[in-house]
Amino acid sequence: GESVGLHLPTLSVQEGDNSIINCAYSNSASDYFIWYKQESGKGPQFIIDIRSNMDKRQGQRVTVLLNKTVKHLSLQIAATQPGDSAVYFCAENIRSSGNTPLVFGKGTRLSVIA
Amino acid sequence: EPEVTQTPSHQVTQMGQEVILRCVPISNHLYFYWYRQILGQKVEFLVSFYNNEISEKSEIFDDQFSVERPDGSNFTLKIRSTKLEDSAMYFCARDTGTGRHEQYFGPGTRLTVT
């Protein structure tokens, strides 16, 4: 069965607003999570990651929140810009060691309305 | 950090034909991955390759698939007898080489089987 999934397939936000993209995972042993951004015709682009021993991590305009109690992951984008329009995937690594395959969710399409 | 490069960007082939997709590392990384993304679907792991050997493979990676690093530089994915359902984007990814979890993806090859 699928280990990682997303609540919303599409999300439309006004430029300047904050965006929140959600992801649910089912494997409680998952140790590491990544958010990727994929623009049309391109490969997934690394945005931010978080380990299971953390509940929040901030980057430039992005914040990832991890709630292990309910196995939920979210990506928050502040002051959303047109360039943020893309499909966003969460991915997990179920093993604590590196160099292991990532399991991807289905993706959420973010559309920014100017 | 730079990703890997992939060639060709688009490959059209007839069903039953063999195709070779290429991944060119920017620097001398040890771990490589191939992923597949059928149009509109999530990214799926195919195979990982470490030190010139397959490290791990998924159920998708059947006998029709093979990977090589023929000249110690380029990293290839071969599909021996393509099927219509092999039509997808194929992404090569590399890790950071430090045992961490991040994977960086190439731009992908769009394979169209007719």
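Note: the structure precedes this text.
Described in the following lines is the structure provided in the data block. (Residues numbered from 1 in each chain as written. Chains lettered and ligands numbered in written order. Predicted model: local features only at pLDDT ≥ 70, side-chain atom pairs only at ≥ 80, totals over all residues. Heavy atoms only, no water.)

Concerning the interface of chain B and chain A
It is common to give the size of an interface as the accessible area that goes away when the parts come together.
For step 1, the next point in the chain: Tallying the contact residues gives 20 residues for chain B and 26 residues for chain A.
For step 2, the next point in the chain: Interface of chain B and chain A: buried area, both sides summed, is about 1,800 Å²; carbon and sulfur atoms make up 54% of it.
For step 3, the next point in the chain: Considering only the surface of chain B that becomes buried against chain A, Lys42, His101 and Phe105 of chain B emerge as the three largest contributors, covering 36% of it.
For step 4, the next point in the chain: Where chain B packs against chain A, one counts zero salt bridges.
For step 5, the next point in the chain: Linking chain B to chain A there are five residue pairs in polar contact (both at pLDDT 80 or more).
For step 6, the next point in the chain: Listing elements by their share of the side of chain B that touches chain A, those giving two or more residues are strand S4 (31–37), strand S9 (88–95) and strand S10 (103–105) of chain B.
For step 7, the next point in the chain: Here the side of chain B that touches chain A gets four residues from one element, more than from any other, and that element is S4 of chain B.
For step 8, the next point in the chain: Residues of the side of chain B that touches chain A, tallied by class, amount to nine nonpolar, six polar and five charged. (Contact = heavy atoms within 4.5 Å. Buried area = accessible area lost by both parts, 1.4 Å probe. Salt bridge = Lys/Arg side-chain N within 4 Å of Asp/Glu carboxyl O. Polar contact = N/O pair within 3.5 Å; in protein donor to acceptor, adjacent residues only side chain to side chain. Helix = DSSP H or I, 4+ residues; strand = E, 2+ residues; numbered from the N terminus. Nonpolar A, V, L, I, M, F, W, Y, C, P; charged D, E, K, R; others polar.)

Overview of the state of the cysteines
For step 1, the next point in the chain: Tallying each qualifying case throughout the model produces two disulfides over all chains.
For step 2, the next point in the chain: Two residues, Cys23 of chain A and Cys90 of chain A, share a disulfide whose sulfurs are 1.8 Å apart. Disulfide Cys23 of chain A-Cys90 of chain A: the torsion about the S-S bond is 55 degrees, which places it as right-handed. With Cys23 of chain A in strand S3 (residues 19–25) and Cys90 of chain A in strand S9 (residues 86–93), the pair connects residues that are 67 residues apart, well separated along the chain.
For step 3, the next point in the chain: The class for Cys23 of chain A is buried, based on a relative accessible area of 1%.
For step 4, the next point in the chain: Two residues, Cys23 of chain B and Cys92 of chain B, share a disulfide whose sulfurs are 1.9 Å apart. Linking Cys23 of chain B and Cys92 of chain B, the disulfide has an S-S dihedral of approximately -60 degrees and is accordingly described as left-handed. (Disulfide = S-S within 2.5 Å. Buried < 20%, exposed > 50% of the residue type's maximum accessible area, 1.4 Å probe, protein only.)

Observations concerning the pairing of strand S5 (residues 44–50) of chain B
Residue and element names in this part refer to chain B.
For step 1, the next point in the chain: Of all seven residues making up S5, five are buried, and the element is well covered by its neighbours.
For step 2, the next point in the chain: Relative to S5, S4 is paired through six bridges, and the arrangement is antiparallel. Across the sheet, residue Tyr35 finds its bridge partner in S5, namely Phe45.
For step 3, the next point in the chain: Hairpin connection of S4 to S5: six residues between the antiparallel strands, including Gly40 at a positive phi of 80 degrees.
For step 4, the next point in the chain: Of the strand pairs in this sheet, S5 and strand S6 (residues 53–57) are connected by four bridges, and their pairing is antiparallel. Its bridge partner lying in S6, Phe49 is registered against Ile54.
For step 5, the next point in the chain: What sits between S5 and S6 in their antiparallel hairpin is a turn of two residues, with Asn51 showing a positive phi close to 50 degrees. (Pairing = 2+ DSSP bridges.)

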